[in-house]
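# Chain and residue survey
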Amino acid sequence: MNVFRGPTQFSAGPACALTIGNFDGVHRGHRALLKKLKDGARERSLVSCVMTFEPHPKEFFSPEQAPPRILNLRDKLAAFADIGIDRIVVEHFNNAFARLTPEQFVSEVIVKQLNAKWILIGDDFCYGAKRAGDFESLKAAGKKYGFEVSSIHTVLEDGERISSSALRNALANGNMEQASKLLGRPYGISGHVIHGQKLGRTLGFPTLNLAVANHLHHRKPACSGIFTAQVVGLSDKPLPAVASLGVRPTVEDEGRVLLETHIFDYNADVYGKIITVELLEKIRDEVKYSDLDTLTKAIASDAAHARNYFQKKTYV
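Residues numbered from 1 in each chain as written. Predicted model: local features only at pLDDT ≥ 70, side-chain atom pairs only at ≥ 80, totals over all residues. Heavy atoms only, no water.

### Some points on the overall build of the chain
- Across its full length, the chain holds 10 helices and 14 strands.
- In the chain, which comprises 316 residues, the share counted as buried stands at 47%. (Helix = DSSP H or I, 4+ residues; strand = E, 2+ residues; numbered from the N terminus. Buried < 20%, exposed > 50% of the residue type's maximum accessible area, 1.4 Å probe, protein only.)

This is how it looks when you write it as structure tokens:
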């Protein structure tokens with residue numbers, strides 16, 4: 001898979017089958033579209049290409065009102081790679097891009113830069129300044145410039161639409177089982193293991209720390225609390241753990257979001273390594289405790305709960 005920061009890096013490249021969107025979560029609805037794109041590209045002897053945006057347009061226009069990001073860019077790109085997409089274009093969403101009219105977007109980006117010959121979009125797709133372009137205008141443009149346009153209907157689960165909004169609601173409510181069902185996999189967050197305050201070590205629960213939602217356009221996690229978790233990337237199989245995702249109200253008041261994960265019966269120096277923490281079950285919300293002794297007892301209780309989860313899973 002080739003990743004390009006904007007389409008100008010490969011102007012007039014190989015003809016492609018293209019889809020465009022934010023794809024936050026890369027959930028089962030997205031995967032159905034991406035599989036159809038890949039299959040259609042193969043049938044037409046085209047390169048499969050996804051164009052996505054960084055930051056999310058809603059984060060650009062109104063960062064304080066933008067919904068929480070489900071996946072960071074690394075995890076989104078990893079999901080595309082897992083599906084087998086040939087080319088990813090990460091378009092920097094800025095004022096210049098936002099001002100492109102639908103006609104300019106088609107002629108300059110889709111035709112000249114991306115060289116798209118077949119475009120597959122969802123049934124709610126809009127494009128161009130003020131979202132003025134839609135499926136019908138894109139089909140008309142296809143006749144003018146010589147590309148084909150197809151759409152795919154929304155994927156339903158028990159009569160409900162599989163969408164980023166539905167996934168975001170499941171995560172916000174701590175319904176990790178429903179989130180996993182919508183994703184087709186456990187919800188995970190990846191990142192480099194960073195140095196922390198080493199407080200967990202002094203309390204008897206050393207943690208691996210990942211910074212989450214700290215940059216300008218991505219301030220809020222899609223979920224928060226204490227979770228039964230497993231860590232991928234340090235062994236040939238997932239390692240059972242307990243994790244805390246949030247702002248650590250008992251020991252910090254800066255408001256930064258951190259994912260702290262205690263792997264059971266594990267002791268190794270992994271600073272700088274990239275790991276994925278999969279959140280399997282929400283145990284409880286974050287709580288601000290009056291002292292470290294009370295916090296330590298709560299962590300011990302959470303760890304016991306998570307260990308019991310894995311023991312039950314082993315013997316089912």
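After presenting the structure, the write-up continues.
### Let's talk about unusual backbone geometry
- In this chain, Glu54 is followed by Pro55 through a cis amide linkage whose omega measures 0°.
- At Asn115, a position not held by glycine, the phi torsion is positive, near 55°.
- Following the sequence through the fold, Asn115 ends up in the loop between α5 (102-113) and β5 (116-122).
- Of note in this structure, Arg131 is not a glycine but carries a positive phi near 55°.
- Mapped onto the secondary structure, Arg131 falls in the loop between β5 and α6 (135-145).
- The exposed category is assigned to Arg131, whose relative accessible area is 55%.

### Regarding the layout of surface pockets
- What the largest pocket holds in volume is close to 1200 Å³.
- Along the walls of the largest pocket sit 42 residues, with Gly21, Asn22, Asp124, Phe125 and Arg131 positioned nearest its centre. (1 Å grid on protein atoms, 1.4 Å probe; cavity = no way out; pocket = protein on both sides within 12 Å on 5 of 7 lines; lining within 4 Å. Points joined across faces, edges and corners; volume = space filled by probe spheres on them.)

### A few points about the packing of aromatic side chains
- Here the structure, examined in full by the defined rule, presents 11 aromatic pairs.
- Taking 6.0 Å as the distance between ring centres and 85° as the angle between the ring planes, the aromatic pair formed by Phe53 and Phe93 counts as edge-to-face. Residue Phe53 is found in strand β3 (residues 47-54), and its partner Phe93 is found in the loop between β4 (87-92) and α4 (95-98); the two are separated by 40 residues along the sequence. Across the pair, Phe93 and Phe53 agree in class, each one buried.
- Taken together, a centroid distance of 5.7 Å and an interplanar angle of 15° make the contact between Phe125 and Tyr127 stacked.
- Through a chain of ring-to-ring contacts, three or more aromatic side chains come together here, namely Phe53, Phe60, Phe61, Phe93, Phe97, Phe105, Phe125 and Tyr127.
- The ring of Trp118 has Arg44 lying over it, and the distance from NZ or CZ to the ring centre is 3.8 Å. (Phe/Tyr/Trp six-rings, centres within 6.5 Å; stacked < 30°, edge-to-face > 60°. Lys NZ or Arg CZ within 6 Å of the ring centre and 35° of its normal.)

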